[in-house]
Amino acid sequence: SFSGAFVRSNMHCCSASFILINVCCWQTCGCYFSTSRQRPGRFYSDPLDAVKDIPNGATILVGGFGLCGIPENLINSLLKTGVKSLTAVSNNAGVDDFGLGLLLRTKQIKRMISSYVGENVEFERQYLSGELEGTLAERIRAGGAGVPAFFTATGYGTLIQEGGSPIKYNKDGTIAIASEPREVCEFNGRHYIMEKSITGDFALVKAWKADKAGNVIFRYKSRNFNQPMCKAAKITIVEVEEIVDVGTFAAEDIHIPSIYVHRIVKGDRYEKRIERRTVKKGQAEKPKPKKDSDVVRERIIRRAALEFEDGMYANLGIGIPMLASNFIKPDITVHLQSENGILGLVMPNEISSHFTLTLSGKETVTVLPGAAYFSSDDSFAMIRGGHINLTMLGAMQVSKYGDLANWMIPGKMVKGMGGAMDLVASAGTKVVVTMEHSAKGGKHKILEKCNLPLTGKQCVDRIITEKAVFDVDKDKGLTLIEVWEGLTPDDIKKCTGTDFEVNDIIAELQKLLIILYTLHHSFHSP
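About the criteria used
- Residues numbered from 1 in each chain as written.
- Predicted model: local features only at pLDDT ≥ 70, side-chain atom pairs only at ≥ 80, totals over all residues.
- Heavy atoms only, no water.
- UniProt positions renumbered as here; feature names shortened; annotations may be inferred.
- Helix = DSSP H or I, 4+ residues; strand = E, 2+ residues; numbered from the N terminus.
- Contact = heavy atoms within 4.5 Å.
- Areas by Shrake-Rupley, 256 points an atom, 1.4 Å probe, with all protein chains shown as cover.
- Pairing = 2+ DSSP bridges.
- Axes fitted to C-alpha atoms, helices over the stretch in contact; angles between N-to-C directions.
- Expected span 1.5 Å × (residues − 1).
- Buried < 20%, exposed > 50% of the residue type's maximum accessible area, 1.4 Å probe, protein only.
- Core = buried A, V, L, I, M, F, W, Y, C linked by side-chain atoms within 4.5 Å.
- Salt bridge = Lys/Arg side-chain N within 4 Å of Asp/Glu carboxyl O.
- Polar contact = N/O pair within 3.5 Å; in protein donor to acceptor, adjacent residues only side chain to side chain.
- Phe/Tyr/Trp six-rings, centres within 6.5 Å; stacked < 30°, edge-to-face > 60°.
- Lys NZ or Arg CZ within 6 Å of the ring centre and 35° of its normal.

The name given to the protein in an unreviewed UniProt entry is Succinyl-CoA:3-ketoacid-coenzyme A transferase, and the organism recorded there is Cyprinus carpio. One UniProt comment on the protein, placed under Pathway (unreviewed entry), says "Ketone metabolism; succinyl-CoA degradation; acetoacetyl-CoA from succinyl-CoA: step 1/1." Its UniProt record gives the protein the following Function (unreviewed entry) comment, quoted word for word: "Key enzyme for ketone body catabolism. Transfers the CoA moiety from succinate to acetoacetate. Formation of the enzyme-CoA intermediate proceeds via an unstable anhydride species formed between the carboxylate groups of the enzyme and substrate."

See the structure below:
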């Protein structure tokens, strides 16, 4: 047995001295030390021992994306410790009965720093009823790199920049705490806002394997937020499925070197839930009777698919945009990218028992030959850097000049902006909105000015609905370029909440139809 102690004089100082004990045997008491010459990591047999010193009020960075790659055993152990008043930084909060949703249910989390509420009803309820704080956070990589703040185009012209975004609600639905305005600077003719980086006291991370030197590798797309979070905390705790001998990994294949890893625990069991099991409809399947709403959706989906061009890189939002990928022409190649770290994906024809890949929208996917996996910080770098040719997403409202609102209805519904703010902020990416032309009751969704909080300002290039297609000019406004069969520009004007120009070809066709209609009736009149 081993009764020695690991001592480090200052957890914050990179030059701090420490004592390295060369012991490499498993201990029934729960831990052992590796023989790495770089930096010893403690190995635990019980995840409870690895987290029991996390104090009340700590800031924890929790890896994963949706339910993929979440540290299930470490989260469950926090339930047992009863630690409270946590600030949890995570892409989202899982679902009500799994992942961080468990800590929300027991009120152990006081504040969530998250970009997407997702499918967690309890998260949304607590946020809107004043029981929880929430704010946008995609600043983890900067924190891990020691960069205190940086400038980004993401969020300019929205509540994120202007201030007033709800961080916490009162129980009566009024805003208790609102965000402060961001500093704005102009670079090369574009406006950017300053964002502060995020760091944590502890990072809870899920990886596939670790070697006994403390090096870590991930599997498939589970790098997501796990990889940047490893680097942004004072103490990083990694749970893995397998611990292997030193030398099992080639040095060039290591995703996280041991310098970032402080504690490692082998998880006993993993549930690995899938939120939305989605597959392509088989051609042999007998089609179900279509409702009117199905006809509307399919019309938008099929028209949206015409936006794809050979060789382009595209990011597709939840719902209609992703379904449009089922209608990509067979003679072209489109590389689909997802924020959670996949390039080269496609919806599967069937799901096997070991299926583990999901989109950022939580739908199941598979990959094509030549695909690649990477972390979410790399994924957003692709997006903000203008490497994505097309992004297609839904909307609640779009303005005449291309403002987009699609992430919240104040006091009623909040899903979070997810990656949408980043996706629409790149000047080099074509932004196409797919949506039904009107809301319930015929309420306009295409407006002179959006009255919901913006996701992006003057960012939309094209709008596709079941009735029409508009091109958007940031200075001139909307131009109607297509109308659905049986409709006229006058019909579109009646259901659109702002004025628009009509494409010359459509205008000429309308004149021709009027002439043909007049001639028809003149020949058949008594």
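There's plenty left to go through after this.
(A) Quick look at the overall build of the protein. When you go through the protein residue by residue, the secondary structure sums to 13 helices and 32 strands. Across the protein, the fraction of contacts at a sequence separation of at least 24, relative to all contacts at a separation of at least 6, is 67%. Summed over its atoms, the accessible surface of the protein is roughly 25000 Å², and 52% of this surface lies on carbon and sulfur atoms.

(B) Focus on the sheet that holds strand β10 (residues 184-187). If you walk across this open sheet you meet the 3 strands as β7-β11-β10, and the pairing is antiparallel. Each edge of the open sheet is held by one strand with a lone partner, namely β7 (149-152) and β10. On average, each strand axis in the sheet is tilted by 35 degrees relative to the strand beside it, whichever way the strands run.

(C) Fine view of helix α8 (residues 292-304). With 13 residues, α8 ought to run about 18 Å at 1.5 Å a step, and its terminal C-alpha atoms sit 19 Å apart, in line with that. Taken together, the buried positions of α8 are Val296, Ile300, Ile301, Arg303 and Ala304. Buried residues along α8 sit in contact with α9 (320-323), β22 (390-393), β27 (430-434), β29 (462-464), β30 (468-473) and β31 (477-483).

(D) Looking closely at the nonpolar core. If you look at the biggest cluster of nonpolar residues, it comprises 28 residues, and the most contacted ones within it are Leu61, Val89, Val216, Phe218, Val238, Val240 and Ile264. Elements supplying a minimum of two residues to this core: β12 (200-206), α7 (226-230), β15 (233-240) and α10 (376-384). For this core, the leading source of residues is β15, giving 3 residues.

(E) Inspection of the pattern of salt bridges at higher detail. Summed over the entire model, instances satisfying the criterion amount to 20 salt bridges. For glutamate 482, the salt bridge is made with arginine 303, and the minimal N-O distance between the two is 2.9 Å. Of this pair, glutamate 482 sits in strand β31 while arginine 303 sits in helix α8; the two residues are 179 residues apart in sequence, bridging distant segments of the chain. According to the relative accessible area criterion, arginine 303 is buried, its value standing at 13%. Each of Arg303, Glu307, Lys430, Arg462, Asp471 and Glu482 takes part in salt bridges that share partners, so that together they form one network.

(F) Structural detail: the sheet that holds β31. Strand order across the open sheet formed by 10 strands is β21-β20-β19-β18-β22-β27-β29-β30-β31-β32, with mixed pairing between neighbours. Both edges of this open sheet fall to β21 (366-373) and β32 (501-502), since each of them pairs with a single strand only. Of the strand pairs in this sheet, strand β18 (residues 313-316) and β22 are connected by 3 bridges, and their pairing is parallel. Its bridge partner lying in β22, asparagine 315 is registered against threonine 391. Each of β22, β27, β29, β30 and β31 touches α8; the most contacted strand, β29, lies at about 145 degrees to it.

(G) Up close: the UniProt feature "active site" (unreviewed entry) in the protein. Under the feature "active site" (unreviewed entry), the UniProt entry names Glu339. When you line up the elements, glutamate 339 lands in the loop between β19 (335-338) and β20 (342-346). Among the residues examined, glutamate 339 registers a relative accessible area of 9% and is labelled buried. Separated by 3.3 Å, the side chains of glutamate 339 and asparagine 315 make a polar contact.

(H) Examining the pairing of β27 more closely. Most of β27 sits out of view: 4 of its 5 residues are buried. As paired elements, β27 and β29 share 3 bridges and run parallel to each other. When the sheet's bridge partners are listed, threonine 434 is paired in β29 with isoleucine 464.

(I) How the structure looks around the side chain of glutamine 108. Locating glutamine 108 in the fold gives a position in the loop between α3 (100-105) and β5 (109-113). In this structure glutamine 108 comes out as buried when scored by relative accessible area, which is 3%. A polar side-chain atom of glutamine 108 sits 3.0 Å from the main-chain carbonyl oxygen of leucine 78. Reaching out from glutamine 108, the side chain makes a polar contact with the backbone oxygen of valine 83 at a distance of 2.9 Å. Dropping the residues within four chain positions of it, glutamine 108 is found in contact with Leu78, Leu79, Gly82, Val83, Lys84, Ser85, Leu86 and Leu103.

(J) Up close: unusual backbone geometry. Located in the positive-phi region is serine 85, a residue other than glycine, with phi close to 55 degrees. Here serine 85 lies in the loop between α2 (72-81) and β4 (86-89). According to the relative accessible area criterion, serine 85 is partly exposed, its value standing at 39%.

(K) Expanded view of the packing of aromatic side chains. Scanning the entire structure with this criterion turns up 5 aromatic pairs. Look at phenylalanine 65 and phenylalanine 225: their rings are 5.9 Å apart centre to centre, the planes differ by 40 degrees, and that puts the pair in the tilted class. Of this pair, phenylalanine 65 sits in the loop between β3 (59-62) and α2 while phenylalanine 225 is found in the loop between β14 (216-217) and α7, placing the two residues 160 residues apart along the sequence. According to the relative accessible area criterion, phenylalanine 65 is buried, its value standing at 5%. Ring-pair connections join several aromatic residues into one group, and the members of that group are Phe151, Phe187 and Tyr192. A cation sits over an aromatic face here: lysine 209 above tryptophan 208, 4.3 Å from the ring centre. Taking the ring centre of tryptophan 208 as reference, the NZ or CZ of arginine 219 above it sits at 5.1 Å.

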